[in-house]
Amino acid sequence: MAVGTLTALPVPPPSRIDRRVASGAMLLAPVAVVPLAALAGLVVWGGHLLGLPGLASAGVAVGVVALGSRGLHLDGLSDTADGLGASYDRERALEIMRRGDSGPTGVATLVLVLIVQCGALSAGGWGAAVAGVLAGRCVLSLCCARGVPSARPSGLGATVAGSVPIPLAVLVFALAAGLAALLPGLPWWRGPLAVGIGYLAAGVLLWRCTRRLGGITGDVLGACVEVATAAVFLGLA
């Protein structure tokens with residue numbers, strides 16, 4: 001479920017999807033995207049080796065990750081921005097998000113977040129690319145922790161909302177921060193600080209969505225992934 005949902009890799013669908021499977025998929029989200037993270041790091045490293053402009057290499061790396069995830073999280077970011085920006089009640093905002101087309105708020109948000117991602121990554125290295133992609137998926141366990149409600153009675157959000165025990169969500173954060181301390185060429189504290197910034201950014205967005213929409217949807221999860229990734233890139237720039 002983790003690989004099939006978060007990447008474009010062709011895998012057979014799970015035989016069943018229940019709360020236990022959903023919980024495991026959200027916990028294993030960063031493991032599922034290791035190939036995408038490695039590919040992004042390789043693009044940045046190769047661009048540096050060839051003497052390409054850092055911004056160009058960063059743009060290709062971000063594009064590769066978007067292609068490898070079918071643009072799923074970018075679509076969620078756009079839809080979430082449209083929903084939050086709509087001056088309507090909760091049900092109307094959710095309906096705008098469900099339609100899937102992008103309004104001016106969604107388009108502007110996409111452009112601005114991608115500019116931040118590419119600009120920040122151009123000032124980092126291959127390690128920043130790998131760490132940002134993985135940490136961005138680590139926040140899914142935070143977004144699906146016990147106590148976080150679903151905004152709708154059905155859909156991806158309803159399947160995964162509240163499915164991750166809080167101790168396991170904390171463990172994922174601790175592992176992400178600990179591994180980030182090993183990033184080459186940086187003081188040991190820069191990696192954990194960047195991961196913390198990413199979690200903070202996702203947490204603020206999660207809080208806003210639960211207040212405005214009543215809980216999470218699949219779009220909200222994608223938005224949190226992209227915002228967290230941008231924040232980690234910034235923390236490592």
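Look up: the structure comes first, before these words.
On a predicted model such as this, the values are computed, not experimentally measured, just so you know.

1. Digging into the overall build of the chain
Argument step 1. A tally of regular secondary structure across the chain gives 13 helices and zero strands.
Argument step 2. Secondary structure of the chain in N-to-C order comes out as α-α-α-α-α-α-α-α-α-α-α-α-α.
Argument step 3. Taken over C-alpha atoms, the radius of gyration comes to 17 Å for the chain, in line with the 18 Å a tight globule of 237 residues would show.
Argument step 4. Across the 237 residues of the chain, 47% fall into the buried class.
Argument step 5. Accessible area of the chain: about 10700 Å², with a carbon and sulfur share of 71%.
Argument step 6. Computed over 15 positive and 10 negative side-chain charges, the inter-centroid distance for the chain is 8 Å.

2. Points about unusual backbone geometry
Argument step 1. With a phi angle near 60 degrees, R70 is a residue other than glycine that sits in the positive phi range.
Argument step 2. Relative to the helices and strands, R70 resides in the loop between α5 (54–68) and α6 (72–85).
Argument step 3. Its relative accessible area of 48% is what places R70 among the partly exposed residues.

3. Some thoughts on the packing of α6 against helix α7 (residues 90–99)
Argument step 1. Between α6 and α7, the shortest axis-to-axis distance is 8 Å and the interhelical angle comes to 155 degrees. Between α6 and α7, the angle is such that the two are roughly antiparallel. The handedness of the crossing between α6 and α7 is right-handed. Residues D79, T80, D82 and G83 of α6 pack against A93, I96 and M97 of α7.
Argument step 2. In terms of residue class, the contact of α6 with α7 is built from three nonpolar, two polar and two charged.

4. Structural notes on the pattern of salt bridges
Argument step 1. This structure, assessed with the given rule, holds four salt bridges.
Argument step 2. Note that D18 is salt-bridged to R16, the shortest N-O span being 2.2 Å.
Argument step 3. The class for D18 is partly exposed, based on a relative accessible area of 31%.
Argument step 4. For R16, a relative accessible area of 43% gives the class partly exposed.

5. Structural notes on α5
Argument step 1. Here α5 spans 21 Å end to end across 15 residues, near enough to the 21 Å set by a 1.5 Å rise per residue.
Argument step 2. All buried positions along α5 are accounted for by S57, A58, A61, V62, V65, A66 and G68.
Argument step 3. Among the structural elements, α1 (2–6), α4 (34–49), α6, α8 (104–122) and α9 (126–143) are those in contact with the buried residues of α5.

6. Quick word on the packing of aromatic side chains
Argument step 1. As enumerated under the stated definition, the model contains one aromatic pair in all.
Argument step 2. Summarising the aromatic geometry, the rings of F173 and Y199 are spaced 4.8 Å apart at their centres and angled 70 degrees between planes, so their arrangement reads as edge-to-face. Linking F173 in helix α11 (residues 166–180) with Y199 in helix α12 (residues 190–213), this pair joins segments that are 26 residues apart in sequence.
Argument step 3. A residue is classified by how much of its surface remains accessible, and F173, at 32% relative accessible area, is partly exposed.

About the cut-offs
- Residues numbered from 1 in each chain as written.
- Predicted model: local features only at pLDDT ≥ 70, side-chain atom pairs only at ≥ 80, totals over all residues.
- Heavy atoms only, no water.
- Helix = DSSP H or I, 4+ residues; strand = E, 2+ residues; numbered from the N terminus.
- Rg over C-alpha atoms; globule rule 2.2 N^0.38 Å.
- Buried < 20%, exposed > 50% of the residue type's maximum accessible area, 1.4 Å probe, protein only.
- Areas by Shrake-Rupley, 256 points an atom, 1.4 Å probe, with all protein chains shown as cover.
- Lys, Arg positive; Asp, Glu negative; His and termini not counted.
- Charge placed at Lys NZ, Arg CZ, Asp CG, Glu CD.
- Axes fitted to C-alpha atoms, helices over the stretch in contact; angles between N-to-C directions.
- Parallel < 35°, antiparallel > 145°, perpendicular 65-115°, else oblique.
- Left-handed = near helix turned anticlockwise from the far one by under 90°.
- Contact = heavy atoms within 4.5 Å.
- Nonpolar A, V, L, I, M, F, W, Y, C, P; charged D, E, K, R; others polar.
- Salt bridge = Lys/Arg side-chain N within 4 Å of Asp/Glu carboxyl O.
- Expected span 1.5 Å × (residues − 1).
- Phe/Tyr/Trp six-rings, centres within 6.5 Å; stacked < 30°, edge-to-face > 60°.

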